[in-house]
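The residues making up each chain are set out below.
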Amino acid sequence: MTFDQSMQDSCACCSLDNGQTFPKIKEAKPFWSEDQKTFSFKVELEANKSYNIWINTILEDDFRNVDDIPVEPVLLNFTTGDGKSNP
(Lines give C-alpha, C1' and ligand atoms only; values in the text may rest on other atoms or scores of the structure.)
Protein backbone atom coordinates (compact mmCIF):
# COMPACT_ATOMS: atom_id res chain seq x y z
CA MET A 1 0.00 0.00 0.00
CA THR A 2 1.39 3.36 -0.96
CA PHE A 3 0.45 6.58 0.79
CA ASP A 4 0.87 10.13 -0.51
CA GLN A 5 2.95 11.16 2.51
CA SER A 6 5.40 9.66 4.97
CA MET A 7 3.85 7.53 7.69
CA GLN A 8 4.85 6.46 11.20
CA ASP A 9 6.48 3.06 11.70
CA SER A 10 3.71 1.72 13.91
CA CYS A 11 0.76 0.38 12.00
CA ALA A 12 -1.71 -2.46 11.77
CA CYS A 13 -4.03 -3.98 9.24
CA CYS A 14 -7.15 -5.44 10.69
CA SER A 15 -10.27 -7.26 9.67
CA LEU A 16 -13.60 -6.92 11.42
CA ASP A 17 -14.70 -10.52 10.84
CA ASN A 18 -12.28 -12.40 13.10
CA GLY A 19 -9.79 -12.83 10.27
CA GLN A 20 -12.02 -14.97 8.04
CA THR A 21 -11.46 -12.72 5.01
CA PHE A 22 -7.99 -11.42 5.88
CA PRO A 23 -5.21 -13.00 3.79
CA LYS A 24 -2.82 -15.35 5.56
CA ILE A 25 0.42 -13.49 6.25
CA LYS A 26 3.47 -15.42 5.02
CA GLU A 27 6.13 -13.47 6.90
CA ALA A 28 5.72 -12.24 10.45
CA LYS A 29 7.04 -8.72 9.94
CA PRO A 30 5.56 -6.18 7.52
CA PHE A 31 7.96 -3.50 6.33
CA TRP A 32 8.06 0.12 5.16
CA SER A 33 9.95 1.63 2.24
CA GLU A 34 12.82 4.02 2.97
CA ASP A 35 10.61 7.07 2.43
CA GLN A 36 7.96 5.61 4.80
CA LYS A 37 5.26 5.85 2.10
CA THR A 38 4.89 2.22 1.05
CA PHE A 39 3.79 -0.48 3.48
CA SER A 40 4.34 -4.10 2.36
CA PHE A 41 3.68 -7.58 3.64
CA LYS A 42 3.64 -10.94 1.92
CA VAL A 43 0.43 -12.96 1.96
CA GLU A 44 -0.77 -16.35 0.81
CA LEU A 45 -3.96 -16.25 -1.27
CA GLU A 46 -6.40 -19.01 -2.11
CA ALA A 47 -8.18 -19.38 -5.46
CA ASN A 48 -11.77 -18.15 -5.75
CA LYS A 49 -11.82 -16.38 -2.40
CA SER A 50 -12.82 -12.87 -1.36
CA TYR A 51 -10.55 -10.89 0.93
CA ASN A 52 -10.91 -7.73 3.02
CA ILE A 53 -8.11 -5.62 4.42
CA TRP A 54 -8.91 -2.60 6.54
CA ILE A 55 -6.56 0.36 6.70
CA ASN A 56 -7.66 1.76 10.05
CA THR A 57 -11.18 1.36 11.42
CA ILE A 58 -13.39 3.30 13.79
CA LEU A 59 -11.86 1.18 16.58
CA GLU A 60 -8.20 1.22 15.53
CA ASP A 61 -6.27 4.01 13.85
CA ASP A 62 -2.66 2.86 13.90
CA PHE A 63 -1.88 4.09 10.38
CA ARG A 64 -0.82 7.69 11.04
CA ASN A 65 1.33 10.16 9.18
CA VAL A 66 4.47 11.66 10.70
CA ASP A 67 2.33 14.51 12.10
CA ASP A 68 0.28 11.91 14.02
CA ILE A 69 -2.84 12.36 11.87
CA PRO A 70 -4.65 9.03 11.32
CA VAL A 71 -5.62 7.81 7.87
CA GLU A 72 -9.38 7.76 7.31
CA PRO A 73 -10.65 4.16 7.49
CA VAL A 74 -10.47 2.42 4.10
CA LEU A 75 -11.60 -1.08 3.13
CA LEU A 76 -9.60 -2.84 0.44
CA ASN A 77 -11.53 -5.79 -0.93
CA PHE A 78 -10.74 -8.14 -3.77
CA THR A 79 -11.54 -11.61 -5.03
CA THR A 80 -9.05 -14.03 -6.51
CA GLY A 81 -9.72 -16.00 -9.65
CA ASP A 82 -9.32 -19.69 -10.26
CA GLY A 83 -5.69 -19.28 -11.36
CA LYS A 84 -6.47 -20.79 -14.78
CA SER A 85 -8.11 -17.98 -16.74
CA ASN A 86 -6.37 -14.95 -18.25
CA PRO A 87 -7.38 -11.44 -17.11
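So, a few notes on the structure that sits alongside this text. (Residues numbered from 1 in each chain as written. Predicted model: local features only at pLDDT ≥ 70, side-chain atom pairs only at ≥ 80, totals over all residues. Heavy atoms only, no water.)

### Overview of the nonpolar core
Residues Phe3, Met7, Phe22, Trp32, Phe39, Phe41, Ile53, Ile55 and Phe63 constitute the largest nonpolar core, which totals 9 residues. Contacts of phenylalanine 39, omitting those with residues within four sequence positions, involve Met1, Phe3, Cys11, Cys13, Pro30, Phe31, Trp32 and Phe63. (Core = buried A, V, L, I, M, F, W, Y, C linked by side-chain atoms within 4.5 Å. Buried < 20%, exposed > 50% of the residue type's maximum accessible area, 1.4 Å probe, protein only. Contact = heavy atoms within 4.5 Å.)

### Some details on the pattern of salt bridges
This structure, assessed with the given rule, holds 3 salt bridges. As a salt-bridge pair, arginine 64 and aspartate 61 come within 2.8 Å of each other at their nearest N and O atoms. In this structure, arginine 64 and aspartate 68 form a salt bridge, with 3.6 Å as the shortest nitrogen-oxygen distance. Members of the salt-bridge network, linked through shared partners, are Asp61, Arg64 and Asp68. (Salt bridge = Lys/Arg side-chain N within 4 Å of Asp/Glu carboxyl O.)

### Section: the side chain of asparagine 65
Tracing the backbone shows asparagine 65 in the loop between strand S6 (50–55) and strand S7 (74–79). Here asparagine 65 is in contact with Gln5, Ser6, Met7 and Gln8, once residues within four sequence places are set aside. (Helix = DSSP H or I, 4+ residues; strand = E, 2+ residues; numbered from the N terminus.)

### What about the environment of aspartate 61?
On the secondary structure map, aspartate 61 appears in the loop between S6 and S7. Given a relative accessible area of 30%, aspartate 61 falls into the partly exposed group. Sequence spacing of aspartate 61 and serine 15 is 46 residues, and the spatial spacing of their C-alpha atoms is 13 Å. Not counting residues within four places of it along the chain, the set of residues in contact with aspartate 61 comprises Asn56 and Pro70.

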